[in-house]
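# Secondary and tertiary structure notes
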Amino acid sequence: VEDEAANEPKQDPAMSAKVNRIGVRNYLAGKPGQAMRYFGMAFEHDNHNASALLNLAQLFLEAARDTPSRSDERLKMFKRYLLLAQRLPLSGGHQQKFKQLEEFGTMLLDSLPEGPLGSLLK
């Protein structure tokens, strides 16, 4: 049991916030794959980082829309991250972003708007 605890990454909210911001910069630079990687790392550093979870959900939904051949697996990840975010106490901006993504999640992929589905949370 002690070994399992030693393998758990230490929670570091400050590092999580920093890595999340790097992810936002990568996304804005047109590198969604890199951004997704950084948001995942941000979540590993702090599993209560609602910004990272909602950013991941948004990127997976955009990827599902933009890559029809892999849309099923990406929709599954979108739903997973949205569910994880739903379990957190969400503040005003996070709650608004969650509701927006939840609404997008009920739409057909073809009917989603092109481009970014909202601004990412820093």
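Residues numbered from 1 in each chain as written. Predicted model: local features only at pLDDT ≥ 70, side-chain atom pairs only at ≥ 80, totals over all residues. Heavy atoms only, no water.

Moving on: the packing of helix α2 (residues 13-28) against helix α4 (residues 50-66). In the contact formed by α2 and α4, the axes pass within 10 Å of each other and the chain directions differ by 25°. When the axes of α2 and α4 are compared, the pair comes out roughly parallel. α2 and α4 meet at a crossing whose hand is left-handed. Contacts between α2 and α4 involve Asn20, Val24 and Tyr27 on the former and, on the latter, Ser51, Ala52, Asn55, Gln58, Leu59 and Glu62. Looking at the contact of α2 with α4 residue by residue, the class counts come to 4 nonpolar, 4 polar and 1 charged. (Axes fitted to C-alpha atoms, helices over the stretch in contact; angles between N-to-C directions. Helix = DSSP H or I, 4+ residues; strand = E, 2+ residues; numbered from the N terminus. Parallel < 35°, antiparallel > 145°, perpendicular 65-115°, else oblique. Left-handed = near helix turned anticlockwise from the far one by under 90°. Contact = heavy atoms within 4.5 Å. Nonpolar A, V, L, I, M, F, W, Y, C, P; charged D, E, K, R; others polar.)

Moving on, we come to helix α5 (residues 71-86). With 16 residues, α5 ought to run about 22 Å at 1.5 Å a step, and its terminal C-alpha atoms sit 22 Å apart, in line with that. Every buried residue belonging to α5 is among Ser71, Arg74, Leu75, Phe78, Tyr81, Leu82 and Ala85, and all of these are buried. Buried residues of α5, viewed axially, fall in a sector of 130°; they line one side. α5 presents Asp72, Lys76 and Lys79 as exposed residues on the side facing more than 90 degrees away from its buried surface. For α5, the secondary structure elements touched by its buried residues are α4 and α6 (92-105). (Expected span 1.5 Å × (residues − 1). Buried < 20%, exposed > 50% of the residue type's maximum accessible area, 1.4 Å probe, protein only. Arc of directions from axis to C-beta.)

Okay, the side chain of Ser51 next. As for its placement among the helices and strands, Ser51 is situated in helix α4. Of note is the side chain of Ser51, whose polar atom sits 2.8 Å from the side chain of His94. Not counting residues up to four positions away in its chain, the partners in contact with Ser51 are Asn20, His94, Leu121 and Lys122. (Polar contact = N/O pair within 3.5 Å; in protein donor to acceptor, adjacent residues only side chain to side chain.)

On to the environment of Phe39. Within the secondary structure, Phe39 sits in helix α3 (residues 32-45). Sequence-distant contacts of Phe39, defined by excluding residues within four places in its chain, comprise Asn20, Gly23, Val24, Ala52, Asn55, Leu56, Leu59 and Leu120.

End to end, α4 covers 24 Å across 17 residues, agreeing with the expected 24 Å (1.5 Å per residue, within 8%). With 16 of 17 residues buried, α4 is to be regarded as a mostly interior element. Structurally, the start of α4 carries an N-cap: the backbone nitrogen of Ser51 is 3.1 Å from a side-chain oxygen of Asn49.

Quick look at a positive patch on the surface now. Taken together, the side chains of Lys18, Arg21, Arg25 and Lys122 define a basic patch exposed on the protein surface. With respect to the element layout, Lys18 can be found in helix α2. (Patch = residues over 30% accessible without salt bridge, like charges linked within 9 Å, V, L, I, M, F, W, Y side chains within 5 Å. Areas by Shrake-Rupley, 256 points an atom, 1.4 Å probe, with all protein chains shown as cover. Salt bridge = Lys/Arg side-chain N within 4 Å of Asp/Glu carboxyl O. Lys, Arg positive; Asp, Glu negative; His and termini not counted. Charge placed at Lys NZ, Arg CZ, Asp CG, Glu CD.)

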